[in-house]
Amino acid sequence: MERPYILHMFTPGPQMSPFDVNMAADAGYQIVTPYCHVGLDAVTALTQDAIFSRGPKGVARTGLFIGGRDALLAADMLERAKAAMVPPFVVSVFADPSGAYTTAAALVATVEAALQRHHGHGLAGQTVLLLGGTGPVGRVAAVLCAQQGATAVLSSHKGLAMAQAAADETARRFGVTLYAASGAGRDDLHAALAGADVVLGVAAAGVQVMSADDRAVATRLKVAADVNAVPPAGLAGVGVMDDGKPIEGSGAVGIGALAVGNVKYQVQHRLLVRMRNADKPVTLGFPEAFAAAREYLAEKSA
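Residues numbered from 1 in each chain as written. Predicted model: local features only at pLDDT ≥ 70, side-chain atom pairs only at ≥ 80, totals over all residues. Heavy atoms only, no water.

Moving on: the overall build of the chain. Looking only at helices and strands, the chain features 11 helices and 12 strands. The C-alpha atoms of the chain give a radius of gyration of 20 Å, which matches the 19 Å a tight globule of 302 residues would have. Long-range pairs, those at least 24 residues apart, make up 73% of the contacts in the chain with a sequence separation of at least 6. Looking at charge distribution, the chain has the averaged site of its 24 positive side-chain charges lying 6 Å from that of its 25 negative ones. (Helix = DSSP H or I, 4+ residues; strand = E, 2+ residues; numbered from the N terminus. Rg over C-alpha atoms; globule rule 2.2 N^0.38 Å. Contact = heavy atoms within 4.5 Å. Lys, Arg positive; Asp, Glu negative; His and termini not counted. Charge placed at Lys NZ, Arg CZ, Asp CG, Glu CD.)

It is the contact of helix α1 (residues 18-26) with helix α10 (residues 257-277), at a shortest axis distance of 9 Å, that shows an interaxial angle of 55°. As far as their axial angle goes, α10 and α1 are oblique. As α1 runs across α10, the sense of the crossing is right-handed. Between α1 and α10, the contacting residues are F19, D20, M23, A24 and D26 on the first element and K264, Y265, Q268, H269 and L272 on the second. Here the residues of the contact of α1 with α10 sort into five nonpolar, two polar and three charged. (Axes fitted to C-alpha atoms, helices over the stretch in contact; angles between N-to-C directions. Parallel < 35°, antiparallel > 145°, perpendicular 65-115°, else oblique. Left-handed = near helix turned anticlockwise from the far one by under 90°. Nonpolar A, V, L, I, M, F, W, Y, C, P; charged D, E, K, R; others polar.)

Before going further, it helps to spend a moment on the sheet that holds strand β11 (residues 253-255). If you trace the seven strands from one edge of the open sheet to the other, you get β7-β6-β5-β8-β9-β11-β10, paired in mixed fashion. Each end of this open sheet is capped by a strand with a single partner; those strands are β7 (179-182) and β10 (243-246). In this sheet, adjacent strand axes meet at a mean angle of 25° when their direction is disregarded. Sheet topology note: the strand β8 (residues 198-201)/strand β9 (residues 223-226) ladder contains four bridges and is parallel. Looking at β9, one finds that L200 is bridged to A225. Relative to β7, helix α7 (residues 160-174) is tilted by about 165°, and along the sheet it contacts β6 (151-156) and β7. (Pairing = 2+ DSSP bridges.)

What follows is about helix α4 (residues 71-84). Between its first and last C-alpha, α4 extends 20 Å over 14 residues, near the 20 Å set by a 1.5 Å rise per residue. Of all the residues in α4, the buried ones are A71, L72, A74, A75, M77, L78, A81 and A84. Between the side-chain oxygen at the start of α4 and the backbone nitrogen of L72 there is a gap of 2.9 Å, and the oxygen is on D70. (Expected span 1.5 Å × (residues − 1). Buried < 20%, exposed > 50% of the residue type's maximum accessible area, 1.4 Å probe, protein only. Polar contact = N/O pair within 3.5 Å; in protein donor to acceptor, adjacent residues only side chain to side chain.)

Our next topic: the packing of aromatic side chains. Counted under the stated rule, the structure contains five aromatic pairs. Note on F65 and F94: the rings are 5.3 Å apart at their centroids and 85° apart in plane angle, and the pair reads as edge-to-face. Taken together, the residues F65 in strand β3 (residues 62-66) and F94 in strand β4 (residues 92-95) connect sequence positions 29 residues apart. Each member of the pair, F65 as well as F94, carries the same accessibility label: buried. When the centroid spacing of 5.2 Å and the interplanar angle of 80° are considered together, the rings of Y101 and F286 count as edge-to-face. Highlighted residues: Y101 in helix α5 (residues 100-119) and F286 in helix α11 (residues 286-301), separated in sequence by 185 residues. (Phe/Tyr/Trp six-rings, centres within 6.5 Å; stacked < 30°, edge-to-face > 60°.)

Let us look at helix α2 (residues 43-52). Those residues of α2 that sit buried are V43, T47, A50 and I51. Along the axis of α2, the buried residues cluster in a sector spanning 90°; they form a single face. For α2, the elements touching its buried residues are β1 (6-10), α3 (55-59), β3 and α4. (Arc of directions from axis to C-beta.)

Spatial strand order, β2-β1-β3-β4-β12: five strands in an open sheet with parallel pairing. Lying at the two open borders of the sheet, with one neighbouring strand each, are β2 (31-35) and β12 (283-284). Sitting on the sheet, α10 is in contact with β1, β3, β4 and β12, with an inclination near 165° to β4.

Right, dumping it as structure tokens:
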């Protein structure tokens with residue numbers, strides 16, 4: 001009998017995302033099993049339970065998925081799972097907490113493509129302001145921007161101290177340099193916007209973080225991209241379906257949440273299929289998600 005494809009899904013939270021379960025099933029996994037309230041210290045034992053029971057041939061049809069809502073904890077869980085492998089008992093692992101890795105990858109890749117299309121350059125040398133940037137998508141997007149040579153600035157409506165703490169913690173974990181700005185008041189927000197070439201709206205759903213009046217002070221703005229699909233728009237003037245559409249009253253173009261979301265969906269599906277079909281075990285995090293997003297966008301524009 002041919003062994004089934006099994007995906008074990010770990011989350012520190014009380015439940016695994018139904019979105020991720022659906023994605024796993026649609027990628028061809030025949031048995032999808034969630035494990036909830038999984039802390040970092042439980043990862044080694046669970047991983048070894050998953051690998052030793054199937055034999056060297058069975059591990060090729062076994063995968064691990066790491067969810068949750070904490071981008072940094074997911075990275076630590078990914079490393080802990082890798083360290084628990086005992087060759088030849090090695091399986092593929094994919095981390096995507098709350099969709100943050102694939103969403104951030106899709107967001108940054110679409111912004112990069114828009115910069116190339118409209119201005120002839122990528123992210124290198126650009127100042128990227130991430131409004132609501134202390135959450136998981138904002139942190140990972142900031143890391144990706146910094147890795148591409150941009151100056152990534154995390155902003156929080158709770159003030160500079162909150163933004164600075166998130167920037168410092170994330171920078172240490174991933175070995176990049178990140179900056180912080182306060183978004184607590186209009187004056188602070190306008191000061192940050194005045195220096196931004198790119199603005200990313202990565203705040204909670206239904207929260208507007210840049211109004212049309214705010215945008216007017218962003219005279220350097222080239223691209224504004226929003227991941228909020230719930231009214232009101234996170235970034236005024238950016239519609240959910242926009243994909244490089246000029247923003248009225250501005251020299252910038254907008255990228256909306258559904259344009260980003262389509263790329264995110266494609267990236268997550270591709271990585272799950274890659275993990276299932278891999279001849280050799282693969283480890284998939286946000287760098288691999290970003291590469292997949294670039295690949296997808298290149299194919300789409302060809």
